[in-house]
Amino acid sequence: MPYSVIVVGAGSKIAQAIIDQLVALDDCQQIIAISRQQNFQHTKITSLHCQYDESSIESTCKGLDIHFPVANVFICQGILHQDALQPERKLESISAENMLKVFTANTVIPSLWLKNLTPHLKSTEPCKVALFSARIGSISDNQLGGWYSYRASKAALNMMVKTFSVELARRAKNVKLLAFHPGTTDTPLSEPFQRSVPEGKLFTPEFVATQLLSLLETLEMDGKACYMDWNHQSINW
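All of these numbers come straight from a predicted model, not from anything done at the bench.

1. Quick look at the overall build of the protein chain
Next, step 1: Along the protein chain, the regular secondary structure elements total five helices and seven strands.
Next, step 2: Listing the helices and strands of the protein chain from first to last along the sequence gives β-α-β-β-α-β-α-β-α-β-α-β.
Next, step 3: Here the C-alpha radius of gyration of the protein chain, 17 Å, is about what a compact globule of 237 residues would show, namely 18 Å.
Next, step 4: When its C-alpha atoms are laid out on the principal axes, the protein chain stretches across 50 × 40 × 35 Å.
Next, step 5: Of all 237 residues assigned to the protein chain, the portion counted as buried reaches 49%.
Next, step 6: Within the protein chain, counting contacts between residues at least 6 apart in sequence, those at least 24 apart form 68% of the total.
Next, step 7: Accessible surface for the protein chain amounts to roughly 12000 Å². Of this, 52% is attributable to carbon and sulfur atoms.

Below you can see the structure in the form of structure tokens.
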């Protein structure tokens, strides 16, 4: 059965790897790739540009031309560092300005995308939505401290995913939500921190895309949110 897929943050390396693999699937007939400026050249792909502020997100979602039931949504957008903004190693490094930037990118914007995309996802057909979280967002797993804003913003995203799932279990029973930890991937996001990654634990975007797509195939449509990693293992919230 033909289906559509929506990829938000399509300019990221993992998102591009996901799109490359989706293009090769016969039943995947439409890929809506949303980014700030990335263009894709393929008959299956519609490239849309959005600046990721609230009004632009709402306008983009209202204008979507979706040809088939949406089987998957990937919300890949987020930041760890940017210019002078770096993960805080001690509490003295916390600043309101940087915290707001990180929370906006990692919690607020993904939540706005899910809010505005939901009307397009309601269907009799199953739809699985992956939002890019991180293991560092697990409150129970926090043994090292530090990275205050990033850690807290991902924990907040996880709470949003859990809370969305409670409501969608009543209003859109065909939607399944996944908070996904991709592991440390060879992308610009992780580049400044790759020297501390153990051998064999720095993944390619292509590997992560393969793992995520295969994970989505296994998820049960039970109306409950999942928090899982690249290795298909559950993470404690």
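2. Description of the packing of aromatic side chains
One pair of aromatic rings is described through two measures. These are the centre distance and the angle between the planes.
Next, step 1: Throughout the structure, instances matching the rule amount to seven aromatic pairs.
Next, step 2: For the ring pair Phe 132 and Phe 180, a centre distance of 5.5 Å and an interplane angle of 70 degrees mean the geometry is edge-to-face. A residue pair is termed long-range when its members are at least 10 positions apart, and Phe 132 in strand S5 (residues 127-132) and Phe 180 in strand S6 (residues 175-181) qualify at 48 residues.
Next, step 3: The class for Phe 132 is buried, based on a relative accessible area of 8%.
Next, step 4: Plain terms: the ring middles of Tyr 227 and Trp 237 are 5.0 Å apart, the flat faces sit at 35 degrees to each other, and that makes the pair tilted. Residue Tyr 227 is located in strand S7 (residues 226-229), and its partner Trp 237 is located in the segment after S7; the two are separated by ten residues in the primary sequence.
Next, step 5: The exposure class of Tyr 227 is buried, given its relative accessible area of 2%.
Next, step 6: Classification of Trp 237 by relative accessible area gives partly exposed; the value is 31%.
Next, step 7: Following the ring pairs from residue to residue traces out a cluster consisting of Phe 203, Phe 207 and Trp 230.

3. Here we look at the packing of helix H2 (residues 54-62) against helix H3 (residues 96-121)
Next, step 1: Running from N to C, H2 and H3 cross one another at 25 degrees; their axes reach a closest spacing of 9 Å. Taken as axis vectors, H2 and H3 run roughly parallel relative to one another. Viewed along their axes, H2 and H3 form a crossing whose handedness is right-handed. Residue-level inspection shows Glu 54, Ile 57, Glu 58, Thr 60 and Cys 61 of H2 in contact with H3, the latter providing Ile 109, Leu 112, Trp 113, Lys 115, Asn 116, Leu 117 and His 120.
Next, step 2: Classifying every residue of the contact of H2 with H3 gives six nonpolar, three polar and three charged.

Each value, and the rule that gives it
Residues numbered from 1 in each chain as written. Predicted model: local features only at pLDDT ≥ 70, side-chain atom pairs only at ≥ 80, totals over all residues. Heavy atoms only, no water. Helix = DSSP H or I, 4+ residues; strand = E, 2+ residues; numbered from the N terminus. Rg over C-alpha atoms; globule rule 2.2 N^0.38 Å. Buried < 20%, exposed > 50% of the residue type's maximum accessible area, 1.4 Å probe, protein only. Contact = heavy atoms within 4.5 Å. Areas by Shrake-Rupley, 256 points an atom, 1.4 Å probe, with all protein chains shown as cover. Phe/Tyr/Trp six-rings, centres within 6.5 Å; stacked < 30°, edge-to-face > 60°. Axes fitted to C-alpha atoms, helices over the stretch in contact; angles between N-to-C directions. Parallel < 35°, antiparallel > 145°, perpendicular 65-115°, else oblique. Left-handed = near helix turned anticlockwise from the far one by under 90°. Nonpolar A, V, L, I, M, F, W, Y, C, P; charged D, E, K, R; others polar.

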